[in-house]
Amino acid sequence: MWHTQSIQQVVEKLKTDVDRGLTTEEIQKRLEKYGLNKWREQKAKSIWLMFFAQLKDALIYVLLGAVVITLFMGEYVDSIIIMLVILINASLGVIQEVKAGKAIAELQKLASPKALVKRNGSIEEVSTEALVPGDIVILETGRLIPADLRLLETINMQIEESALTGESVPVHKNSQSTLKDENSALGDRINLAYMSTLVTYGRGLGVVIATGEETEVGKIAEDINTNESKTPLEKRLDELGKLLGKLAVGVCSLIFMIGYFQGREVTELFLTAVSLAVASIPEGLAAIVAVVLSIGVTKMSKRNAIIKRLPAVETLGAVNIICTDKTGTLTQNKMKVSAFFTPTTGTAKLQEYAQQPQVKLLAKAMVLCSDATLNADKSSGDPTEIALLQFADNLKLDRETWNKTHKRTNELPFDATRKMMSVAIKNPEEKNIYTKGAVDRLLPKCTQVLLGDKVVALEENQRSAIEESIQNMSSHALRTLAVAYKPITNIPPEENWEEDLIFIGLVGMIDPPRTEVKPAIAKAAKAGITTIMITGDHKETAFAIAKQLGIAQDKTQAITGQELDAFGEDELIQNITNYRIFARVSPQHKVIIVKALQAAGNTVSMTGDGVNDAPSLSHADIGVAMGITGTDVSKGASDMILADDNFSTIVTAVEQGRNIYNNIKKSVLFLLTSNIGEVITMLVCILAGMPTPLIATQLLWINLITDSLPAIALGMDPDSDDVMQHKPRPPKESFFAHKQGWRILFGGLVIGAITISAYWFGFYEHGYSPFDSSIPDEVLSYARTMAFMSIISAQLFYSLAFRHYRQSIFQLGLFSNKYLVAAIVLGFLLQLLVLEVPVLRKAFKLQLLDGPGWLMALGMGLVPLLLNELLKAYSRIKSK
Ligand code: ATP
């Protein structure tokens, strides 16, 4: 048993090398033997299963019933066509499902965690799937444990194992212990770390002992089923679809009853009513939304915004406040020490005092207190600490020797609440604790100060000199960091490490803003979105940068976490929107800020990267994690991951979110308008006592041509350049707001009216009227062909009208949505096919059109679009 064996035994058994890790050759062998480090995949649903799932629908049952009835009636052509419609509809559904599923799977891959390992003598980041037993894994705060590990080294390491044991209090781990009891509970095996649990504190090293299904969670993973549920939008549309379905069934029953009393033929009437129901129920709604969403999120991932939960896309369009970190998100995270201060030198620029002993000590203390590495061209670790190493190099000091001669015996890692870190150092000449951290946190812990080679009490004049220096550096947007020390004889208890310290000095680092951020903030502002900076940094530094970027103009817009604590709950909600900068906050403050902003009626996006950021990320309407610097914990709690850690990507994502939402809206409005057009045509003609203008098979065909490709193509409409000139959409706003409901009704009425006119023209052309008591069969089918052709051409042309609520199709560019143009052309070609190929013509009971017939059908088809253009022109003039 791994937990009862010593580190040496484990390492020998796994035939690995703790310093160099495994070799590529060995890894390959082990991969073949043990397989990938993942659980058996849930069997992908087979195409057939998906296909049959599509058939489980009340509507399809009715259609299947219709097939049986037509078979009995000997109307074999009708039964074949209805069956074809069922088949094609179900196949489209399957294609949509597969496509959406693929996109989601790709995204999941992008968002999946990585592990830091030693291999072939160097450190690399690999996909957790690629781990094999014997791999040496480096663990840090915020990392997910990537496989089951025997710990080799633990420095204050705590692991939260609730995913496995249900216990949410972190367990203190200890690599040095070997347990006696083979059967000790999982939670007691403090020298092991289990896959899927989280490092919440400290760091360490471990060797992989089990991967994939052999891990403790792997054994129980079969029950864990990640079932993506529908997004709120999909649910709302489902409900809408159901409502419309009921309405359609009502209307169709009405048509059936009226027809029955008018003495129409019952079976034909039944088929017509059923087909109308099928044609008017927007059964494709949810599927189309899924496809548009999946296409949209794939596009977003190419622009560095990885959507983890689909509902985020809709919420993005409603975001009106973006809360963002400073370091790395607004700034480049390329730190450089550009000034320093010690009580003996005062505030100084680099080279002036390079050889001054206290400056040397300042650099040495900073170096000893850093975990980063920096060689000629390669660096790793926290950019703040890399800058400190560079600082020593610039002073031409010998870091290597310090690191060799000063052994770190213990440490207290950095955390975002304390804003400090400490190390205990042992060397023949000294035994010290060094602490570095935020100056305003460290200074209160100092009781003495180093003045040259003397340690003296920290008096008020010294304190104000230090504060003045901080003020000076901060107002130049420098990020400040101080360092102190104290001699010890023995390692004191942790709570006593960071007190009674001796102040050495402080450094100021520049971290220039990212160039693309300022325009992005301006763009967001134009779109009605407020940017708020939430930072662990000093208020002055934060304000200086915020001002450069256009986030804040006045110092009164900045507040610290401490000042925030003084507010009562109501007072906070009332005042929260007055601030643009929250400085020196801890992760707990972030939750308070999000909640208050939400209570004040805002839709909030919040960024985060640390372990403690998870609560604020999950509270926010959109939690945004950093892809590069973010911990696995923060990524897990987020809705979206920024692959480039860049603020401007959030703004791009909001823009995309708005576009995707609009495109879905366009598809839905188009579908509803088309369906209303069909219902009106049928209802009016039957009520008026005319022969039914469209027969069952024709209705189904119309449904097939217009409800599929043009609707999807509208969902793929190119991004509109004016989406960021509007205020954010209120989160609960319905699709039918801004008179859209009326637009649908109007469009439906016009389509109905022109279809009926074309139908009537078909009779008129042959000297008949639809009300005549005896009409030859050819004339009736000619008139129906006219109705059939006009309604399809009207719907196909009219799809163009939905591309923008105000801009003309010419302003948008007639061909700028190539998919839609292709869908329209294809629709017409298919239409031509059923008309010109004799077998099909016969099957659909159509007649060849003559010249005037063609002209009328196409001309009429253009009417709704032209009317819409006129209305848009009017609305443009009015808005000017
Ligand atoms: P943001 O929250 O916008 O990313 P930040 O990086 O300044 O800004 P934190 O990382 O929470 O925020 O750091 C807060 C403060 O803690 C910093 O201003 C700095 O003074 C101090 N600090 C940062 N990194 C370290 C470190 N590695 N060791 C010691 N102190 C640090």
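Residues numbered from 1 in each chain as written. Predicted model: local features only at pLDDT ≥ 70, side-chain atom pairs only at ≥ 80, totals over all residues. Heavy atoms only, no water.

1. Considering the sheet that holds strand β23 (residues 581-583)
- Pairing in this open sheet of 8 strands is mixed, and the strands run β8-β26-β25-β24-β9-β21-β23-β22 from one edge to the other. The two strands at the open ends of the sheet, each matched to only one other strand, are β8 (305-307) and β22 (558-560). Neighbour-to-neighbour, the strand axes of this sheet turn through a mean angle of 20 degrees, independent of strand direction. (Pairing = 2+ DSSP bridges. Helix = DSSP H or I, 4+ residues; strand = E, 2+ residues; numbered from the N terminus. Axes fitted to C-alpha atoms, helices over the stretch in contact; angles between N-to-C directions.)

2. Considerations on the pattern of salt bridges
- As enumerated under the stated definition, the model contains 28 salt bridges in all.
- Where Arg 584 meets Asp 440, a salt bridge forms, and the shortest distance between an N and an O atom there is 2.6 Å. Of this pair, Arg 584 sits in the loop between β23 and α21 (587-599) while Asp 440 sits in helix α15 (residues 439-442), placing them 144 residues apart in sequence.
- Residue classification places Arg 584 among the buried residues on the basis of a relative accessible area of 8%. (Salt bridge = Lys/Arg side-chain N within 4 Å of Asp/Glu carboxyl O. Buried < 20%, exposed > 50% of the residue type's maximum accessible area, 1.4 Å probe, protein only.)

3. What about helix α24 (residues 647-687)?
- Given a rise of 1.5 Å per residue, 41 residues ought to cover 60 Å, and the 60 Å separating the end C-alpha atoms of α24 matches this to within 8%.
- Among the 41 residues that make up α24, 36 are buried, leaving the element largely enclosed by the rest of the structure.
- Following α24 by one or two positions, Gly 689 has its phi on the positive side, about 85 degrees. (Expected span 1.5 Å × (residues − 1).)

4. Some points on helix α12 (residues 357-368)
- Its 12 residues give α12 an end-to-end C-alpha distance of 16 Å, which sits within 8% of 16 Å, the value for a rise of 1.5 Å per residue.
- Taken across its 12 residues, α12 has 9 buried, putting it largely inside the fold.
- Along α12, the residues that are buried comprise Gln 358, Val 359, Leu 362, Ala 363, Lys 364, Ala 365, Met 366, Val 367 and Leu 368.
- At the N-terminal end of α12, a side-chain oxygen is found 2.8 Å from the backbone nitrogen of Gln 358, two or three residues along, and the residue is Gln 356. (Polar contact = N/O pair within 3.5 Å; in protein donor to acceptor, adjacent residues only side chain to side chain.)

5. Here we look at the pairing of strand β20 (residues 501-510)
- A large share of β20 lies buried, amounting to 9 of its 10 residues.
- Bridge count between strand β10 (residues 336-342) and β20: 5 bridges; the pairing is antiparallel. Bridging from a neighbouring strand, Ala 339 pairs with Gly 508 of β20.
- As judged from the 3 bridges shared by strand β17 (residues 446-451) and β20, these two strands associate in the parallel manner. Residue pairing in the sheet places Cys 446 in a bridge with Leu 501 of β20.

6. Considering the site of the ligand
- Around the ligand, 19 residues are found, and the nearest of them are Lys 326, Lys 436, Arg 479, Thr 535 and Gly 536.
- Thr 480 is positioned such that a nitrogen or oxygen atom in its backbone is 3.2 Å from an oxygen atom of the ligand.
- In the environment of the ligand, an oxygen atom lies 3.3 Å from a nitrogen or oxygen atom belonging to the side chain of Arg 584.
- Every element with two or more residues in the shell around the ligand is listed here: β16 (430-437) and β19 (479-487). (Near = heavy atom within 4 Å.)

7. Some words on the domain arrangement of the protein chain
- Along its sequence, the protein chain is organised into domain 1 (1-227), domain 2 (239-299 + 658-718 + 735-879), domain 3 (305-331 + 514-645) and domain 4 (336-510).
- Once you take the C-alpha centre of each, domain 2 and domain 3 turn out to be 47 Å apart.
- Listed as interface residues are 5 residues of domain 2 and, on the opposing side, 7 residues of domain 3.
- Surface buried jointly by domain 2 and domain 3 totals about 590 Å² across both partners, of which 69% is contributed by carbon and sulfur atoms.
- Taken together, the connections running from domain 2 to domain 3 amount to 0 salt bridges.
- In this structure, the connection of domain 2 to domain 3 is made through 1 residue pair in polar contact (both at pLDDT 80 or more).
- For the side of domain 2 that touches domain 3, the secondary structure elements donating two or more residues are α10 (285-302) and α24.
- Looking at the side of domain 2 that touches domain 3 element by element, the count peaks at 3 residues for α24. (Domains from an automatic or database assignment. Contact = heavy atoms within 4.5 Å. Buried area = accessible area lost by both parts, 1.4 Å probe.)

8. Overview of a negative patch on the surface
- Residues Glu 494, Glu 495, Glu 499 and Asp 500 make up a contiguous surface patch of negative charge.
- Residue Glu 494 is classed as partly exposed on the basis of its relative accessible area of 44%. (Patch = residues over 30% accessible without salt bridge, like charges linked within 9 Å, V, L, I, M, F, W, Y side chains within 5 Å. Areas by Shrake-Rupley, 256 points an atom, 1.4 Å probe, with all protein chains shown as cover. Lys, Arg positive; Asp, Glu negative; His and termini not counted. Charge placed at Lys NZ, Arg CZ, Asp CG, Glu CD.)

9. What about the nonpolar core?
- By size, the foremost hydrophobic cluster in this structure holds 171 residues, and its most contacted members are Leu 237, Ile 581, Phe 582, Phe 647 and Ile 664.
- The greatest single-element share of this core, amounting to 17 residues, is contributed by α24.
- When residues no more than four places from it in sequence are discounted, the contact partners of Ile 664 are Leu 233, Leu 237, Val 289, Val 292, Leu 293 and Phe 735.
- In terms of nonpolar packing, the next biggest core, distinct from the first, is built from 35 residues, Leu 395, Leu 397, Trp 402 and Ile 425 among them. (Core = buried A, V, L, I, M, F, W, Y, C linked by side-chain atoms within 4.5 Å.)

10. Notes on unusual backbone geometry
- The phi angle at Asn 333 is positive, at roughly 60 degrees, despite the residue not being glycine.
- The topology assignment puts Asn 333 in the loop between β9 (321-324) and β10.
- By relative accessible area, Asn 333 is classed as buried at 17%.
- A positive phi angle, close to 55 degrees, is found at Asp 645, a residue other than glycine.
- Within the secondary structure, Asp 645 is located in the loop between β26 (640-642) and α24.
- Judged by relative accessible area, which is 5%, Asp 645 ranks as buried.

11. Regarding the packing of helix α16 (residues 460-475) against helix α18 (residues 539-549)
- Running from amino to carboxyl end, α16 crosses α18 at an angle of 20 degrees, the nearest separation of the two axes being 7 Å. In terms of their interaxial angle, α16 and α18 are classed as roughly parallel. Viewed along their axes, α16 and α18 form a crossing whose handedness is right-handed. Taking contact as the criterion, the partners of Gln 471, Ser 474 and Ser 475 in α16 are, on α18, Glu 540, Thr 541 and Ala 544.
- For the contact of α16 with α18, the residue count by class is 1 nonpolar, 4 polar and 1 charged. (Parallel < 35°, antiparallel > 145°, perpendicular 65-115°, else oblique. Left-handed = near helix turned anticlockwise from the far one by under 90°. Nonpolar A, V, L, I, M, F, W, Y, C, P; charged D, E, K, R; others polar.)

12. What to know about a nonpolar patch on the surface
- On the surface, a nonpolar cluster with roughly 720 Å² of combined accessible area is contributed by Leu 709, Val 825, Leu 826, Leu 829, Leu 830, Leu 832, Leu 833, Val 837 and Val 839.
- Residue contributions to the nonpolar patch peak at 6 residues, all from helix α30 (residues 818-836).
- With respect to the helices and strands, Leu 830 occurs in helix α30.
- Looking at Leu 830, the relative accessible area reads 31%, which means it is partly exposed.

13. Side note on the packing of aromatic side chains
- On inspection of all chains with the given rule, the structure shows 16 aromatic pairs.
- A ring pair is formed by Phe 340 and Phe 391, whose centres lie 6.0 Å apart and whose planes are at 55 degrees; its orientation type is tilted. In this pair, Phe 340 is assigned in strand β10 and Phe 391 in helix α13 (residues 383-394), connecting sequence segments 51 residues apart. Each of the two residues, Phe 340 as well as Phe 391, counts as buried.
- Seen from their ring centres, Tyr 661 and Phe 735 are 5.5 Å apart, and the 70 degrees between their planes marks the pair as edge-to-face. One end of the pair, Tyr 661, is in helix α24; the other, Phe 735, is in the loop between α26 (709-715) and α27 (740-765), and 74 residues separate them in sequence.
- A relative accessible area of 4% places Tyr 661 in the buried class.
- Residue Phe 735 is classed as buried on the basis of its relative accessible area of 6%.
- Through a chain of ring-to-ring contacts, the aromatic side chains of Trp 48, Phe 51 and Phe 52 assemble into a single cluster.
- We note Lys 13 situated over the ring of Trp 2; from NZ or CZ to the ring centre the distance is 4.5 Å. (Phe/Tyr/Trp six-rings, centres within 6.5 Å; stacked < 30°, edge-to-face > 60°. Lys NZ or Arg CZ within 6 Å of the ring centre and 35° of its normal.)

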